[in-house]
Amino acid sequence: MSRKKRNQVFTTIEVIDAGAKGKTVAKAPDGRVIFLTNAVPGDVVDIQTFKKRKAFYEGKAINFHTLSEKRTEPKCEHFGTCGGCKWQHMKYEDQLFFKQKEVTNNLTRIGHLELPEITPILGSKEKYFYRNKMEFSFSDSRWLTLEEIQSDRDLGDKNALGFHIPGMWDKILDINKCHLQADPSNAIRLEVKNFALENKLSFFNTRNQTGLLRTLMIRTSSIGEIMVLIQFFSDAKEKRTKLLDHLKETFPEITSLQYVINSKGNDTIYDQEVVCYHGRDHIFEEMEGLRFKINAKSFYQTNSAQAFELYKITRDFASLSGNETVYDLYTGTGTIAQFVAKKAKKVIGVEAVPDAIMAAKENADRNNIENTEFYVGDMAKVFDQNFLAKHGKPDVIITDPPRDGMHKKVVEQLLNVEAEKIVYVSCNSATQARDLAILDEKYTIVKTQAVDMFPQTHHVENVVLLKLKQE
Ligand code: SAH
């Protein structure tokens, strides 16, 4: 079949829903669902499809007849091109509505679970500038918008410092102002770019693997500390020093100025040496009087204010009295473990990344917490009968796995352990629903509470409290 035939146009269709992966949903006259990238529920549109499958189409709105009342003006000049904040054109209360709905749908449709009365989703006070960590990429061949290509303006140089275009590993959109991280994030990024251009420091070319400047990471903390890390492709000392000295002088508020020389094919820094150029090799974050040390490789929840809310809900759900043995699975740098420690007899944290466990121990020491223990290992391997025999049966298990959810072996082990309560924190309610369906054999869902950590995106966090069924 020719491509043309597959690409159909449906006219005057109402967009009815929003959900998975940030897409909105309409129904074609033949009954199939259409997933759209650029509309808001309530819009009435003409749709051009570009993919057809047995049960659905993928497409985009090409003409708008009615604009939804759920619409609002996006704040960002890069909206529509940048893949970052795809729901900016939807009012915040509607974003929350669809996030809540997505969680409920996943739990009932994937998990086939019976739900208690659902507590309304907790929105974020900050709708913009809520992130504490951003990573920008350099490119010598920036993404041009259609408008730029069609105009006869001089497009200037082709260098970019910004974000990947969705689905394109080698295309970077140059960012003028990002609304996700508070200042001086934008100021630092723009200064790095201008200085590099003025001083002829070359920008990376992913295809050819050439150029000096690779990535820029900026981390900020709620107590005003700032980390800047620049990743270079090669060891050009003079140019590197010039740039770093310039940053040091222009932004004396930088707490930690670091760099990496990475000549590998990809730009993850996790297997690379990080060099501290100026200041400390870490910054501090604070939460409820606890201090957490964050280095270049540490994981820390990216919305600090909402992380505090998420942890409070987790602690409330655990409702500890002081006598419990608590396991904190997928503990990262041990933040949840330390957050609940005061209310427990002891807390055992488990995590796969050795550096994170080192940080967890160091943080607990600094915070004078004496009833936490941390262990490195893959959950599917270490969480066995020996581990239980050694550390004692937990009364409460808190689990906060990555997007893929828990390994089946871990879920089965949870069924064996039979802890009185499980608090399941998840950033992907689809995999959470899958795991809960297995746990349903022995556990009842008592509470479920969604939390919005990422306004303007479709992402949503969900906390579920499970209680062991009585025989
Ligand atoms: N609870 C922490 C971190 C949650 S992120 C916090 O709130 O900060 C999930 C964590 O699971 C990450 O730190 C990741 O390194 C860890 N992880 C991923 N797969 C794992 C596995 N198979 N075994 C143990 N830990 C794992």
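The structure we're discussing is the one just above.
Criteria and cut-off values
Residues numbered from 1 in each chain as written. Predicted model: local features only at pLDDT ≥ 70, side-chain atom pairs only at ≥ 80, totals over all residues. Heavy atoms only, no water. Helix = DSSP H or I, 4+ residues; strand = E, 2+ residues; numbered from the N terminus. Rg over C-alpha atoms; globule rule 2.2 N^0.38 Å. Buried < 20%, exposed > 50% of the residue type's maximum accessible area, 1.4 Å probe, protein only. Contact = heavy atoms within 4.5 Å. Areas by Shrake-Rupley, 256 points an atom, 1.4 Å probe, with all protein chains shown as cover. Lys, Arg positive; Asp, Glu negative; His and termini not counted. Charge placed at Lys NZ, Arg CZ, Asp CG, Glu CD. Salt bridge = Lys/Arg side-chain N within 4 Å of Asp/Glu carboxyl O. Near = heavy atom within 4 Å. Polar contact = N/O pair within 3.5 Å; in protein donor to acceptor, adjacent residues only side chain to side chain. Nonpolar A, V, L, I, M, F, W, Y, C, P; charged D, E, K, R; others polar. Pairing = 2+ DSSP bridges. Axes fitted to C-alpha atoms, helices over the stretch in contact; angles between N-to-C directions. Parallel < 35°, antiparallel > 145°, perpendicular 65-115°, else oblique. Left-handed = near helix turned anticlockwise from the far one by under 90°. Core = buried A, V, L, I, M, F, W, Y, C linked by side-chain atoms within 4.5 Å.

Visitor: Describe the overall build of the protein, and please don't skip the residues or the numbers.
Guide: Counting its secondary structure elements, the protein contains twelve helices and 22 strands. Here the C-alpha atoms of the protein give a radius of gyration of 24 Å, agreeing with the 23 Å that 2.2 N^0.38 yields for 471 residues. Across its three principal directions, the C-alpha atoms of the protein cover 75 × 65 × 40 Å. Counting only residues that meet the buried cut, the protein has 51% of its 471 residues in that class. Taking contacts inside the protein between residues at least 6 apart in sequence as the whole, the part at least 24 apart equals 63%. For the protein, the exposed surface amounts to about 22200 Å²; the carbon and sulfur share of it is 50%. Separation of charge centres in the protein, based on 66 positive and 64 negative side chains, amounts to 5 Å.

Visitor: Residues and numbers for the pattern of salt bridges, please.
Guide: A full pass over the atoms with the stated rule returns 20 salt bridges. Taking the shortest distance from any N to any O, the salt bridge between Lys101 and Asp17 comes out at 3.1 Å. Of this pair, Lys101 sits in helix H2 (residues 92–110) while Asp17 sits in strand S1 (residues 9–18); the two residues are 84 residues apart in sequence, bridging distant segments of the chain. Residue Lys101 is classed as partly exposed on the basis of its relative accessible area of 29%. Asp440 is paired through a salt bridge with Lys469; the nearest N and O atoms lie 3.9 Å apart. One end of the pair, Asp440, is in the loop between helix H12 (429–439) and strand S21 (443–451); the other, Lys469, is in the segment after strand S22 (461–468), with 29 residues separating them in the sequence. Since its relative accessible area comes to 34%, Lys469 is described here as partly exposed. Each of the salt bridges in this network shares a partner with another, and the network as a whole consists of Asp170, Lys171 and Arg207.

Visitor: How would you sum up the site of the ligand? Please name residues and give values.
Guide: Neighbouring the ligand are 16 residues, the closest being Gln301, Tyr311, Glu351, Met379 and Asp400. Note that a nitrogen atom of the ligand is positioned 3.1 Å from one of the backbone N or O atoms of Tyr330. In this structure, Asp378 approaches the ligand through a side-chain N or O atom, which is 3.0 Å from a nitrogen atom. Considered on its own, the ligand offers 570 Å² of accessible surface; in the complex 81% of this is hidden by protein. Broken down by class, the residue content of the shell around the ligand amounts to eight nonpolar, five polar and three charged.

Visitor: Go over the sheet that holds strand S3 (residues 33–36), please, and point to the residues and values.
Guide: Whenever strands of a sheet pair, they do so through backbone hydrogen bonds, lying parallel or antiparallel. Judged by pairing direction, the barrel is mixed, and its five strands sit side by side in the order S1-S2-S3-S5-S4 before closing back on the first. Strand-to-strand, the axes of this sheet are offset by a mean angle of 50 degrees, without reference to chain direction. The pairing of strand S2 (residues 24–27) with S3 spans four bridges and is classified as antiparallel. Note that in S3 the partner of Lys27 across the bridge is Val33.

Visitor: With reference to specific residues and values, describe H12.
Guide: For H12, the full list of buried residues reads Ser429, Thr431, Gln432, Ala433, Asp435, Leu436 and Leu439. In this fold, the buried residues of H12 make contact with H2, helix H11 (408–417), strand S20 (421–426), S21 and S22. Among the residues of H12, the N-terminal cap falls to Asn428, whose side-chain oxygen and the backbone nitrogen of Ala430 are separated by 3.1 Å.

Visitor: I'd love a proper account of the packing of H2 against H12, names of residues and values included.
Guide: Viewed as axis vectors pointing N to C, H2 and H12 meet at an angle of 30 degrees, and their least axial separation amounts to 8 Å. It follows from the interaxial angle that H2 and H12 lie roughly parallel. Handedness of the crossing formed by H2 with H12: right-handed. Here H2 contributes Glu102, Val103, Asn106, Leu107 and Ile110 to the contact with H12, which in turn contributes Ser429, Ala430, Gln432, Ala433, Arg434 and Leu436. Residue composition of the contact of H2 with H12, by class: six nonpolar, three polar and two charged.

Visitor: Now, about the packing of H11 against H12: what can you tell me, with residues and values included?
Guide: H12 packs onto H11 with a crossing angle of 35 degrees between their chain directions and a minimal axis gap of 9 Å. The interaxial crossing formed by H11 with H12 has right-handed handedness. Contact residues: Lys408, Val411, Leu414 and Leu415 in H11; Asp435, Ile438 and Leu439 in H12.

Visitor: Explain the nonpolar core residue by residue, including any values.
Guide: In this structure, Ile188, Val192, Leu213, Leu216, Val228, Ile230 and Leu247 are the most contacted members of the largest nonpolar core, which totals 75 residues. Residues Tyr327, Tyr424, Ile445 and Leu468 belong to the second largest nonpolar core, which totals 36 residues.

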